[in-house]
Amino acid sequence: MKFSVRWLAELTGLMLEADDLARRLTAAGLEVDTVEPAAPPLGRIVAARIAAVAAHPAADRLRICRVEAGGGQVDDIVCGAPNAAVGLIVPLARPGAVLPDGRSIGEATVRGVVSHGMLCSAAELGLGDDAGGLLVLDPGTAPGTPLGEALGLDDWIITLELTPNRGDCLGMFGLAREVSALYGRRWKGGEIAEIAATSDARRAVRLAEPAACPRYLGRLIEALQPPAQSPAWLRERLRRAGFRSRTPLVDVTNYVLLETGQPLHAFDAERLSGDIEVRLARRGEAILLLDGHQVELDPEFLVIADAAGPQALAGVMGGADSAVRPETRAVFLECAWFAPAAVIGRARRLGLSSDAAYRYERGVDPTMQRQAIERASELILALCGGRAGPVVEVAAAEHLPAPPAIGLRPQRVEKLLGTVPPEEEMSAILDRLGMRVIRGDRHWRVTPPAARLDLKIEADLIEEVARIYGFDHIPARPPAGLLQPAALPEAEVSHAVLRRQLAARGYHEAITFSFVDERRLEQLGYPPPYCQLANPLSRELAVMRPALLPGLIAALVHNHQHRQERIRLFEIGACFAADGSEQTRLAALVSGPVAPEQWGVKRRAADFFDLKGDLESLLGLAVAAGQVVWEAAPMPWLHPGRAAKVKVRDGDRLIAAGWIGALHPKLVAALDLDGEVLAFEIDSEIFNRRRLPVYRDFSRYPTVRRDLSLVAPAALPVAEIVAGLRQWGAPLLREVVVFDVYQGPGIEKNCKSVSIGLILQEECSTLTDLAADALVTKLLAGLKESLGVELRGQ
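Residues numbered from 1 in each chain as written. Predicted model: local features only at pLDDT ≥ 70, side-chain atom pairs only at ≥ 80, totals over all residues. Heavy atoms only, no water.

Q: Can you help me understand the overall build of the chain in this one?
A: A count of helical and extended segments in the chain gives 20 helices and 39 strands. A compact globule built from 794 residues should have a C-alpha radius of gyration of about 28 Å, whereas the chain, at 38 Å, is more than 25% larger. Structurally, the chain occupies a C-alpha span of about 120 × 85 × 55 Å along its principal axes. Expressed as a percentage of its 794 residues, the buried residues of the chain come to 49%. A fraction of 69% describes how many contacts in the chain between residues 6 or more apart in sequence connect residues 24 or more apart. On the chain, roughly 38,800 Å² of surface is accessible, and the fraction owed to carbon and sulfur atoms is 51%. The positive charge centre, built from 89 side chains, and the negative charge centre, built from 100, are 2 Å apart in the chain. (Helix = DSSP H or I, 4+ residues; strand = E, 2+ residues; numbered from the N terminus. Rg over C-alpha atoms; globule rule 2.2 N^0.38 Å. Buried < 20%, exposed > 50% of the residue type's maximum accessible area, 1.4 Å probe, protein only. Contact = heavy atoms within 4.5 Å. Areas by Shrake-Rupley, 256 points an atom, 1.4 Å probe, with all protein chains shown as cover. Lys, Arg positive; Asp, Glu negative; His and termini not counted. Charge placed at Lys NZ, Arg CZ, Asp CG, Glu CD.)

What follows is the structure in structure tokens.
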């Protein structure tokens, strides 16, 4: 929400300083994003009246304008603007002026004619983006008046970042009430006089969906003679609020939207047929919207229809077929209250955004419609003339929200805030905010204004008291009592420990959106169905993530585009199945050199085994040595030869923990990345059941080592050989060391040689050679029988 401090000061009658106002608003929970001047410095630029226009003798597109700039001074200005005409009041940059783009203005000879300055457009003055003609000032502006004074440019523009519950501050009336309360006053403005009907013209209205639209007002205004453009004061107020001036009729509806917070729409009455009906769309109906979108409708959309079909999407946008045009001579003015549930998500579903939908989704004042349509009628009649018919109002009062009477206990205020303002001050604060207060001895009844749809319970009122009273007036008191932090189960490895472990290995934690683009999931090869959002923020955030990898890839691409070579990211977060169930996972991603750039270490890109070592360091926090199994397995998003499933042994079972691998080369190329990208993702549940360490004395007796060279099938993972040896060799087998793997001459085809060292040790006595040889024989027999592995040379 952007607003002019000067406009707000006029509404409230307060002397407002922009910096002080911004501080108070932020302290009251209305966060100020920016405070900017309304215009750049415009010294030596004044209002001037065009007294005569003559053709340029040496240029067909140029004209010579004789202008009066006050004090009897008359100058000739060479001008190419198409709208230059006798009698217009326009900005004149005198010699010595400097325009916002840095151009210095002086006397210049243009095709043999001396020009004593420059007549300016809005774009040249930094007052808009209209560069198609001169900026036309109000006819009553005296020549010679400084432009800043003529347009009231000694002003500041404040932008608010409003939370969704404060839709009441999306209009100047709501802001005026809020700011008046902050400055110790009760705002008594906002009353708008009714416009008497001067015509019997009317159009009937029917509410087919009263729950979605419980109030609809319409008025016909005929015999309009709209000017070519809105007056300067109206265009300037719209500009300072971030709106472009279009036609006078559209400008009026936008102005009333800004002033009251109530959206309106003007239809070209001559392009409507029959009565107006507020109904649900019928399947197969379509509408061409004002922004040029042709959209197909279904019964979830509420529409404003006439006999020919839908003419507007209720609460979202009008249709192009009934839009007002410069030649419009009769309008049907609409002002309605649409229930937020009937508007929420409709615009985003169509990929649209509008100021009306933004306000209706948050809830507008259900009592403001009559005042808004009367204010719009007043402005239209003042600017365009015409005859106004009576206001036709259709309402279903039972569906309109009524402000609740909320109980308030002063002692509860003290309990929640730690202090209690004097009761008189509390009552005054609520009154200044437009609330009706009935005070009792221990219980008050407070009725908020209709615009404050966010006030429903006692705690809401207490928050209002705290905001206006001032959080800096509430003493800081530490909570009394003894806090007992909950102890984590000893068998659980906390997320904090995992974070520290990864940070120690050079990773940075990423926090990515839980929403992802469905197209990115399809690109990666994650199979549908996905957990679809009923009301997504955008198409790119339409589904809940089934995995952490898509978000990390987006972060990787962003960092790569900003010339970051060495990227090591991890994330711990929730992932979502199609039914909405959650699972917490841990993922990491690596790209670029294995170590930071330095002179003492040769530069080398991180490879699969670097990432595998990082994952093993994590799993080692919870899983005993030798209990992790790596199974080669293809996955759509991973390199077919560099991908593995990670499993953990639990007795005789293998529990799936996750996966590890290099991204598929085609995916890396599609993302326009350089080099290999490695990643892993595992279920954090693995860290919730670690085996607790058990004390055991060190054996005082020497170890015995036996080295074996084995011949195994080439496809057999060495991990299975090691696991089998550990299982059959207990309790004498202490350690298994793999020190060589060989394939080539001297080894049978489709086989490999695996050299293994067995570390043997007895607990209570010295292990004899006889016992060691017997165990080796047992192990070889088990390998041959279970895995088809034999001693090499046999």
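Q: Explain helix H13 (residues 458-469) to me, please; I cannot follow it from the model alone.
A: Along an α-helix, a turn takes 3.6 residues, which lines up residues three or four apart on a common side. Here H13 contains twelve residues, and its C-alpha end-to-end distance of 17 Å stays within 8% of the 16 Å for a straight helix at 1.5 Å per residue. Of all twelve residues in H13, ten are buried, a share of seventy percent or more. In the core, the buried residues of H13 are packed alongside helix H4 (172-182), strand E23 (406-408), helix H11 (410-417), helix H12 (423-432) and strand E25 (444-447). A positive backbone phi angle near 110 degrees is found at Gly-470, which sits one or two residues after H13. (Expected span 1.5 Å × (residues − 1).)

Q: Please clarify how the sheet that holds strand E6 (residues 89-93) should be interpreted in this entry.
A: Strand pairing in a sheet relies on backbone hydrogen bonds. The paired strands run either parallel or antiparallel. The five strands lie next to each other as E5-E4-E3-E6-E9, forming an open sheet whose pairing is antiparallel. If you trace the sheet from one side to the other, it starts and ends with strand E5 (74-79) and strand E9 (118-119), each paired once. Both E6 and E9 contribute to a ladder of two bridges, which runs antiparallel. Residue pairing for E9: Ala-93 is matched across the bridge by Met-118. (Pairing = 2+ DSSP bridges.)

Q: Explain the nonpolar core here, please?
A: In summary, soluble globular proteins display a tendency toward joint burial of nonpolar side chains. Ranked by internal contacts, the top residues of the largest apolar core, which has 76 residues, are Phe-3, Leu-8, Leu-21, Leu-25 and Leu-160. A per-element tally of this core places H4 first, with seven residues. Aside from chain neighbours lying at most four places away, what touches Leu-21 is Phe-3, Val-5, Leu-8, Leu-16, Ile-158, Val-179 and Tyr-183. (Core = buried A, V, L, I, M, F, W, Y, C linked by side-chain atoms within 4.5 Å.)

Q: Please explain the pairing of strand E34 (residues 653-663) as it appears in this structure.
A: A regular strand places its side chains so that they alternate between the two faces of the sheet. With respect to burial, E34 is a largely interior element, eight of its eleven residues being buried. Linking strand E33 (residues 638-650) back to E34 in an antiparallel pair, the connection comprises two residues, with Gly-651 at a positive phi of about 70 degrees.

Q: Can you help me understand the sheet that holds strand E35 (residues 677-683) in this one?
A: With respect to topology, seven strands assemble into an open sheet ordered E26-E30-E31-E35-E34-E33-E32, the strand pairing being mixed. Sheet topology places strand E26 (508-509) and strand E32 (628-632) at the edges, where each strand pairs with a single neighbour. Pairing between E26 and strand E30 (residues 567-576): two bridges, direction parallel. Bridge assignment links His-508 to a residue of E30, and that residue is Leu-569. Those strands touched by helix H14 (residues 495-504) are E26, E30 and strand E31 (582-591), and its axis lies near 160 degrees from that of E30. Together, E30, E31, E34 and E35 form the strand contacts of helix H16 (residues 549-561), whose direction differs from that of E30 by roughly 150 degrees. (Axes fitted to C-alpha atoms, helices over the stretch in contact; angles between N-to-C directions.)

Q: Explanation requested: the packing of H11 against H13 in the structure shown.
A: Close contact between H11 and H13 brings their axes to 10 Å; oriented N to C, the two are set at 70 degrees. Judged by the inter-axis angle, H11 sits roughly perpendicular to H13. Here H11 and H13 pass one another in a crossing that is right-handed. Where H11 abuts H13, its residues Arg-412, Val-413, Leu-416 and Leu-417 lie against Glu-458, Ile-462 and Ala-466. Looking at the contact of H11 with H13 residue by residue, the class counts come to five nonpolar, no polar and two charged. (Parallel < 35°, antiparallel > 145°, perpendicular 65-115°, else oblique. Left-handed = near helix turned anticlockwise from the far one by under 90°. Nonpolar A, V, L, I, M, F, W, Y, C, P; charged D, E, K, R; others polar.)

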